[in-house]
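Chain by chain, the residues run as shown.
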Number of protein chains: 2
Amino acid sequence: MKIAVDAMGGDYAPEQIVLGSLQAVKKYPCEIILVGDENQIKDILELDSEWKKFPITIRHTTETIEMGEHPADAVRNKKDSSIVVATELVKNGECDAVLSAGSTGAAVAAAQLILRRIHGIGRPAIATPIPTPKGVTLLLDSGANVDCKPEHLVQLGLMGSIYAEHVFGKENPKVGLLNIGEEETKGNEQVKSTYQLFKEMKKINFCGNAEGRDIPNGHFDVVVCDGFVGNVVLKFGEGLARMILKLIKEAVYDGGVSAKVGALLLTPTLKKLGKRLDVSEYGGAPLLGVNGCCIISHGSSDAKSICSAIGASNDYVKSNVLGHIKNALENLN
Amino acid sequence: MKIAVDAMGGDYAPEQIVLGSLQAVKKYPCEIILVGDENQIKDILELDSEWKKFPITIRHTTETIEMGEHPADAVRNKKDSSIVVATELVKNGECDAVLSAGSTGAAVAAAQLILRRIHGIGRPAIATPIPTPKGVTLLLDSGANVDCKPEHLVQLGLMGSIYAEHVFGKENPKVGLLNIGEEETKGNEQVKSTYQLFKEMKKINFCGNAEGRDIPNGHFDVVVCDGFVGNVVLKFGEGLARMILKLIKEAVYDGGVSAKVGALLLTPTLKKLGKRLDVSEYGGAPLLGVNGCCIISHGSSDAKSICSAIGASNDYVKSNVLGHIKNALENLN
């Protein structure tokens, strides 16, 4: 298996991206092509004197798409940007997957314009794994498309269900529709129509409406929403978790000796818990609905996250998610 | 000041509602009319042998609106339900505010049908105070209306700004529009149009797009979104906070002696922090945009929350939020 990694995308690129890729080739049975500025990438690889023993190579590019640029325009104009070249490597069959921690918009645009949507899918979607006490809930779309019609949302349910089954090993995954109440009559016009379409779709285990609280409590394996709601929820959750942590640290700092000793004694337990809830353990979220494996990593990814995301790419390709989605779509009608 | 309290609404009604009202008449300079089943209410009041010394009376009603009922239909048909009668007390001037922890839909429907919308306001909105490290951020609409047009969302910004200024004492409150990115060009059609309308509105301090993470970090005093997104975000936050707490408790339970001792030593510090972040300290969220003060409490409200919510009703009426909103609307054009 061969994975194209956009070495120039991300807050800590290229350093953390290159180091994470180096970790991954040692951990997973895969080859990696690092796409980006050759000199910069080489300098980082040279930190490990043995890097040439591993299946990792460089594809030099001269352009980079910045965060502020219009995604589709940038992808069309910057033919020698790292994300465009990396995506082309999947398109022409040289690689099995592309991974980027750069501009999400650019990665999605590159995938849509170069790999193209799967026939029968109206909107690709980012499927983000959310850690829960029961394992993981897949939230999609978490930001690829902000305007989704009911028929698109139902397709997301199908793709999410297939991913949860084949990658996370969930049997007959429970699919929920994100809404403001459990009852069928709740919600705006978009979700009410989607509910009816879901009821008619026998291929998946549709379990009704999911409320906001059902995402972290893990009552569903897959929760479907449009990319606007999904993105807001995801960023809200990140912000809330960070805020709680910050306030606890401040409270301990301002607290007396016993608070500090208590925090010290609790640290190993909380670290273990933190690891369980750590989003970077999952590393990347697949863009489902395009003809190829495209994994999107968080902008703030460090080497560890990138390594995990390469693991996720591996799982995606190995479990033939794309084939299963195409197969399911062909047998829908 | 006189407040009508729906004694029959809420998961712990009537007991916690009545006990909370009793706490409130002792704490705030207000009179309370408890609306609901007289016998049940009296039995609870009698737990305090001195209750008759306080300005608290009962208005007997025979009907209750259940959670599953269609809100508007129930309000129209159950003329002698506690929420309808309590709202009527505000309409006919007998009370200054109505408070309910029952079905949010029914409380909103009663307010819309009986008190009516303020002239010039297209959609009333629930404005929920979210605790942040900097104090509190007002999130509206957090669930009154799921289909909002851009002109409605801009009105929410105006009302939220007035509430934050006059009730929370914020000077020139920072108003943000909930979106998936900071840039003006981000988002779906609804928020893009809303952004343009906000830019033209000189009456408020519009500070651009707020991302999900900006709600808990307190960068804005007021964050505007439609009731669908607001409700999902609010319930997601509740669920996430509860999940984190539960997992920490489990981790401590499963941890060794040092984890348990650590937790014990940390407890007072965390309790103090918990109090700071406790939503029940705010108790209720005002429904802004109707002709009268209507405060909506969480279904799971206990006596303490109800007491705080009565405090919020007091603040709302005393600071003449309604007058300020009407005044601002008249001077818009």
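Basis of the calculations
- Residues numbered from 1 in each chain as written.
- Chains lettered and ligands numbered in written order.
- Predicted model: local features only at pLDDT ≥ 70, side-chain atom pairs only at ≥ 80, totals over all residues.
- Heavy atoms only, no water.
- Helix = DSSP H or I, 4+ residues; strand = E, 2+ residues; numbered from the N terminus.
- Buried < 20%, exposed > 50% of the residue type's maximum accessible area, 1.4 Å probe, protein only.
- Contact = heavy atoms within 4.5 Å.
- Areas by Shrake-Rupley, 256 points an atom, 1.4 Å probe, with all protein chains shown as cover.
- Lys, Arg positive; Asp, Glu negative; His and termini not counted.
- Charge placed at Lys NZ, Arg CZ, Asp CG, Glu CD.
- Buried area = accessible area lost by both parts, 1.4 Å probe.
- Salt bridge = Lys/Arg side-chain N within 4 Å of Asp/Glu carboxyl O.
- Polar contact = N/O pair within 3.5 Å; in protein donor to acceptor, adjacent residues only side chain to side chain.
- Pairing = 2+ DSSP bridges.
- Axes fitted to C-alpha atoms, helices over the stretch in contact; angles between N-to-C directions.

Time to look at the overall build of chain A. Broken down by element type, chain A carries 12 helices and 12 strands. With the C-alpha coordinates of chain A rotated into their principal frame, the extents come out at 60 × 60 × 35 Å. Relative to its full complement of 333 residues, chain A shows a buried share of 57%. Once local pairs closer than 6 in sequence are excluded, the contacts in chain A between residues at least 24 apart make up 72%. For chain A, the exposed area adds up to about 13,900 Å²; of that, 50% sits on carbon and sulfur atoms. For chain A, the distance from the average position of its 36 positive side-chain charges to the average position of its 40 negative side-chain charges is 4 Å.

Here we come to the interface of chain A and chain B. On the side of chain B, 47 residues touch chain A, which itself brings 48 residues to the contact. With both chains or domains summed, chain A and chain B bury close to 4,600 Å², and 78% of this area falls on carbon and sulfur atoms. On the chain A side of the contact with chain B, Ile 180, Phe 228 and Phe 236 of chain A bury the most area, a combined 16% of that side's loss. We note a salt bridge from Lys 235 of chain B to Glu 211 of chain A, for which the minimum N-O separation is 2.4 Å. One can count 6 residue pairs in polar contact (both at pLDDT 80 or more) joining chain A with chain B. Elements supplying a minimum of two residues to the side of chain A that touches chain B: β6 (128–132), α7 (189–200), α8 (214–217), α9 (227–254) and α10 (257–277) of chain A.

Time to look at the environment of Leu 156 of chain B. Residue and element names in this part refer to chain B. Counting through the fold element by element, Leu 156 comes out in helix α6 (residues 150–166). Considering only alpha carbons, one finds Leu 156 and Ala 127, 29 residues apart in sequence, at a separation of 8.9 Å. Excluding its chain neighbours within four sequence positions, the residues that come into contact with Leu 156 are Arg 123, Ala 125, Leu 140, Asp 141, Val 224 and Cys 225.

Adjacent strands of a sheet form backbone hydrogen bonds with each other and so pair up, either parallel or antiparallel. Residue and element names in this part refer to chain A. Across the sheet, which stays open at both edges, the 5 strands sit in the order β6-β7-β10-β8-β9 with mixed pairing between neighbours. What marks the edges here is a single partner per strand, and that holds for β6 and β9 (205–210). Geometrically, the sheet is characterised by an average inter-axis angle of 30 degrees between neighbouring strands, direction not taken into account. One ladder, built from 5 bridges, connects β6 with strand β7 (residues 135–140); its direction is antiparallel. Looking across to β7, one finds that Thr 128 is bridged to Leu 139. Each of β7, β8 (174–178) and β10 (222–224) is contacted by helix α6 (residues 150–166), which is oriented at about 165 degrees to β10, the strand it contacts most.

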